[in-house]
Amino acid sequence: HMVVIVCNISLRTVCSYYLLSIYWEMGANQTIVTEFVLLGLSGHPRLETIFFVLVLWMYLVILLGNGILIIVTIYDSHLYTPMYSFLGNLSFLDICYTTSSVPLILDSFLTPRKIISFSGCAVQMFLSFAMGATECVLLSMMAFDSYVAICKPLRYPVIMNKDTYVSMAAGSWIAGDITSAVQTSLAMKLPFCGDNVINHFTCEILAVLKLACADILPNVISMTLADVIFLVFPVLFIFISYVFILSTILRIPSAEGRRKAFSTCSAHLTVVIVFYGTIFFMYVKPKSKDSLGVSKEDITDKLISLFYGVVTPMFNPLIYSLRNKDVKTAVKNLMGRKLFAE
Ligand SMILES: *[C@@H]1O[C@H](CO)[C@@H](O)[C@H](O)[C@H]1NC(C)=O
């Protein structure tokens, strides 16, 4: 069904695109946009300096923290379990996600009215969307892993065998990439004819859709579908998994056993709450429809979305390593081996 709907939507978009381009060739005085301008924080030089330093610092922390976690999950044989393999993927994802937007954001702080080509914008949009969608799916895969570990401990090695967890990780990446390819091509196929100033730091899909001079209803429908599949379903899935997990934990007779069981899933639960909490905070809160000029409120909105893009990737490795003995030991071993080798 979804495939049919998506195909219909893309057919309609293609048709309206061709109709509009015929209209232009017939002499309407409209130009076709070949590049976009990123407004960023233009007009606030002091804020630009402060946020340049802040975002650069956070980006370096993200690279360092997630980099260490990836190295540790690949090289430490104590961490060869599905959970740490997912964690390594999550860290890799966080690095890719921030790398797809932070360099552009920093550049937009240095260059007022930063110009980005049409195709550059499409690539950036694709990468950010793909990483975001992949992260949603990966987090629900991790919830399933915790569920099996706690509720079906005896069958865990059978259920979560290597084939299963490798295809779960691969499936997350593939699903995220496909949905992003669909959404990005639907958005970039729209006609853009005059206004090319994106009131954002990056080519965020909603900010770009606002500039299209055609009916964006098909895009809104397909975005809503993607939101249901990649946000609502995973949240429900994670929520139901945790209902089972908590009810199993509460039935464990000893306090020590309960604490141990809870500690295996508390890190994942924290990441889930931070990740979805920020997404819902960003998208669900009421937005002012007024797009005239750059109001104060507008700046606050942009800064909030900027922060939430970097806060979760920065805290993921901290949450895992601070709360987790195995990771701490592995990091210590890694450092120790390095020092010893020198
Ligand atoms: C991601 O997951 C796959 C499959 O589980 C694993 O082989 C790979 O090492 C992981 N990648 C990282 C960077 O941890």
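Residues numbered from 1 in each chain as written. Predicted model: local features only at pLDDT ≥ 70, side-chain atom pairs only at ≥ 80, totals over all residues. Heavy atoms only, no water.

Colleague: Explain the layout of surface pockets to me, and be specific about the residues and the numbers.
Modeller: In this model, the second largest pocket occupies a volume close to 530 Å³. Considering the residues around the second largest pocket, the lining is formed by 21 residues, among which Met83, Tyr84, Thr264, Asn324 and Asp326 are closest to the centre. Listed by contribution, the elements that provide at least two residues to the lining of the second largest pocket are helix H3 (82–99), helix H5 (118–151), helix H10 (255–284), helix H11 (296–323) and helix H12 (325–341). The leading source of residues in the lining of the second largest pocket is H10, at 6 residues. (1 Å grid on protein atoms, 1.4 Å probe; cavity = no way out; pocket = protein on both sides within 12 Å on 5 of 7 lines; lining within 4 Å. Points joined across faces, edges and corners; volume = space filled by probe spheres on them. Helix = DSSP H or I, 4+ residues; strand = E, 2+ residues; numbered from the N terminus.)

Colleague: An account of the UniProt feature "transmembrane region" (unreviewed entry) in the protein chain is needed here, citing residue identities and associated values.
Modeller: The sites that carry the UniProt feature "transmembrane region" (unreviewed entry) are, in the present numbering, residues 50–74, 86–106, 118–144, 228–250, 262–283 and 303–322. Regarding residues 50–74, the helix share stands at 100% and the strand share at 0%, and the terminal C-alpha atoms are separated by 36 Å. The span residues 86–106 carries 90% helix and 0% strand; its end-to-end C-alpha distance comes to 30 Å. (UniProt positions renumbered as here; feature names shortened; annotations may be inferred.)

Colleague: Describe the pattern of salt bridges, with residues and values.
Modeller: Inspection of every chain in the model, using the stated rule, returns 2 salt bridges. For the salt bridge of Asp107 with Lys114, the shortest nitrogen-to-oxygen distance reads 3.0 Å. Among the residues examined, Asp107 registers a relative accessible area of 28% and is labelled partly exposed. In this structure, the salt-bridge partner of Arg259 is Glu256, at a minimum N-O distance of 3.5 Å. Of this pair, Arg259 and Glu256 both sit in helix H10, 3 residues apart, roughly one helical turn. (Salt bridge = Lys/Arg side-chain N within 4 Å of Asp/Glu carboxyl O. Buried < 20%, exposed > 50% of the residue type's maximum accessible area, 1.4 Å probe, protein only.)

Colleague: With reference to specific residues and values, describe the nonpolar core.
Modeller: In terms of nonpolar packing, the biggest core is built from 42 residues, with Phe86, Leu90, Leu139 and Tyr276 touching the most fellow members. Mapped by element, the contributors of at least two residues to this core are helix H2 (45–75), H3, H5, helix H7 (162–188), helix H9 (217–250), H10, H11 and H12. With residues near it in sequence (within four places) discarded, Phe86 still touches Leu138, Met141, Met142, Asp145, Met160, Tyr165, Met168 and Ala169. Of all hydrophobic cores here, the second largest spans 22 residues; its members include Phe36, Leu38, Cys121 and Ile198. (Core = buried A, V, L, I, M, F, W, Y, C linked by side-chain atoms within 4.5 Å. Contact = heavy atoms within 4.5 Å.)

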